[in-house]
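Single-letter residue listing:
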Amino acid sequence: EAPHVVVDDALDAAWVRANALDDAVRAAAAGELARFRSYNTHSASTEGAAALPAPVRALIDEMHGPAFLRWLSDVTGIADLRADVALCNGGLHFMGPGGYLRLHRDELIHPELPRWRRRLNVMVYLNPRWEPGFGGHLEIWSHDGRRPVARLEPAPYRCVVTLIEQNVHGIPAPVRCPEGEARTALVLWFYTEEPAPVPFIPAEFVPHPDDGAARQALIALESGAFGAYHRLRRRFDAGARAARALMDVLGYGRSKRRAP
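Read on for an overview of the structure. Throughout, a residue's number is its position along its own chain's written sequence, starting from 1. For this predicted model, a pLDDT threshold of at least 70 governs which residues receive local features, and a threshold of 80 or more governs which side-chain atom pairs are given and counted, while totals over whole chains, interfaces and linings are taken from all residues. Side-chain numbers come from the whole structure's heavy atoms, not from hydrogens or water.

So, helix 4 (residues 66-76)
For the α-helix, the turn length of 3.6 residues means that residues three or four positions removed from each other point alike. Our working definition: Burial here depends on accessible area, computed with a 1.4 Å probe over protein chains only, as a share of the maximum for the residue type. Under 20% is buried, over 50% is exposed, and the range in between is partly exposed. Secondary structure elements are taken from DSSP: a helix is a run of H or I of four residues or more, a strand is a run of E of two residues or more, and numbering for both begins at the N terminus. Arc, as used here, means the arc of the directions from the helix axis to the C-beta atoms. Here, residues are in contact when the closest pair of their heavy atoms is within 4.5 Å.
If you check which residues of helix 4 are buried, you get F68, L69, L72, S73 and T76. The arc that holds every buried residue of helix 4, seen down its axis, measures 140 degrees, which confines them to one face. Seen from the open side of helix 4, the exposed residues pointing more than 90 degrees away from its buried face are P66, R70 and D74. Along its buried surface, helix 4 packs onto helix 3 (54-63), strand 7 (116-125), strand 10 (159-163) and strand 12 (183-193). Trailing helix 4 by a residue or two, G77 shows a phi angle of about 80 degrees, which is positive.

Here's what the structure looks like:
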């Protein structure tokens, strides 16, 4: 199986209203975002805590606090969890109409701390409304990528916890929400500190069982380039520049814009 935890209505409705959380998230979506356009993903996100409005930072502070960390340890059995206060690759993630993220396995190491092993993904969906027809379901598959385990709608204020090392996951079906709306999730990663550096294994995109040979080849090509980029980036700056150029040729775009 691919263990995961789902908590519906994880946010208190009175707190959401009192802190104008929905308005704050909409303002963040209309601001400057990092945009990702490639064969394997079509999405946007904030970058770092400074880009987040105050109500979202307050929610993150609560989820990084000792009470939430104890709860995570209790439900997962993983002791001594560490929160990533730098929000490396965390924050608000948006998928507008047509957005997707192909099935993948996550990397297991913190981008900057070599002894931190990535253990948990925690997502809280911040869409104030979401209809089933909009899609955007999180699909969780077995680690070999051959068997579906769960298909979870991004229902408002639902919290989902997944174990990094035991599943393949993604949002492979394009989002079908109306223009001007977006599938919105607060995404946080949690780690344990290990006695020795964690071996670096980059994220790997995984073909869907229904994908034909051509699509499988394209997924593998970009996934390999993505892995090469991150390996070279960790070793030396010149390698990172060369890998960056390769990613640009393959269409992996990361740019700033004002819409998800």
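Observations concerning the nonpolar core
Heads up, the condition is: Only buried residues count toward a nonpolar core, which is a set of Ala, Val, Leu, Ile, Met, Phe, Trp, Tyr and Cys residues joined through side-chain atoms within 4.5 Å.
By size, the foremost hydrophobic cluster in this structure holds 34 residues, and its most contacted members are L126, L186 and F190. Counting residues per element, the ones that place at least two in this core are helix 2 (21-29), helix 3, helix 4, strand 5 (91-95), strand 7, strand 10 and strand 12. Contacts of L126, omitting those with residues within four sequence positions, involve L11, L21, V25, L92, Y157, T184 and L186.

Some remarks on unusual backbone geometry
Backbone geometry at D9 places phi at a positive 50 degrees, although glycine is not the residue there. Mapped onto the elements, D9 comes out in the loop between strand 1 (4-7) and helix 1 (13-18).

Considering the pattern of salt bridges
Inclusion rule: What counts as a salt bridge is simple: a side-chain nitrogen of Lys or Arg found within 4 Å of a carboxyl oxygen of Asp or Glu.
Scanning all chains against the criterion turns up 13 salt bridges. D8 is paired through a salt bridge with R158; the nearest N and O atoms lie 2.5 Å apart. Of this pair, D8 sits in the loop between strand 1 and helix 1 while R158 is found in the loop between strand 9 (148-152) and strand 10, placing the two residues 150 residues apart along the sequence. Among the ionic contacts, a cluster of salt bridges with common partners joins R82, R115 and E193.

A look at the environment of W130
You can see W130 is positioned in the loop between strand 7 and strand 8 (138-141). For W130, a relative accessible area of 8% corresponds to the buried category. As a C-alpha pair, W130 and A182 span 52 residues in sequence and 9.4 Å in three-dimensional space. Ignoring anything within four residues of it in the chain, the contact list for W130 reads G135, E153, P154, P156, V175, C177, A182 and R183.

Some remarks on the packing of aromatic side chains
Applicable threshold: Only centres within 6.5 Å qualify two rings of Phe, Tyr or Trp (six-membered ring in Trp) as a pair; their planes then separate them into stacked at under 30 degrees, edge-to-face at over 60, and tilted for everything else.
Summed over the entire model, instances satisfying the criterion amount to 4 aromatic pairs. A centroid spacing of 6.3 Å and a plane angle of 45 degrees characterise the contact between F68 and F190, whose relative ring orientation is tilted. Remark: F190 occurs in strand 12 and F68 occurs in helix 4; sequence separation between them is 122 residues. Taken as a pair, F68 and F190 share a single burial class, namely buried.

As for the pairing of strand 7
Strand residues, when the strand is regular, have side chains that alternate between the two faces of the sheet. Using the following cut-off: Any two strands with at least two DSSP bridges between them are considered paired.
Most of strand 7 sits out of view: 8 of its 10 residues are buried. Examined bridge by bridge, strand 7 and strand 12 share 9 bridges and lie antiparallel to one another. In the strand pairing of strand 12, N121 is matched with W189. Pairing of strand 7 with strand 10, which is carried by 5 bridges, proceeds in the antiparallel orientation. Its bridge partner being in strand 10, L120 is matched across the sheet by L163.

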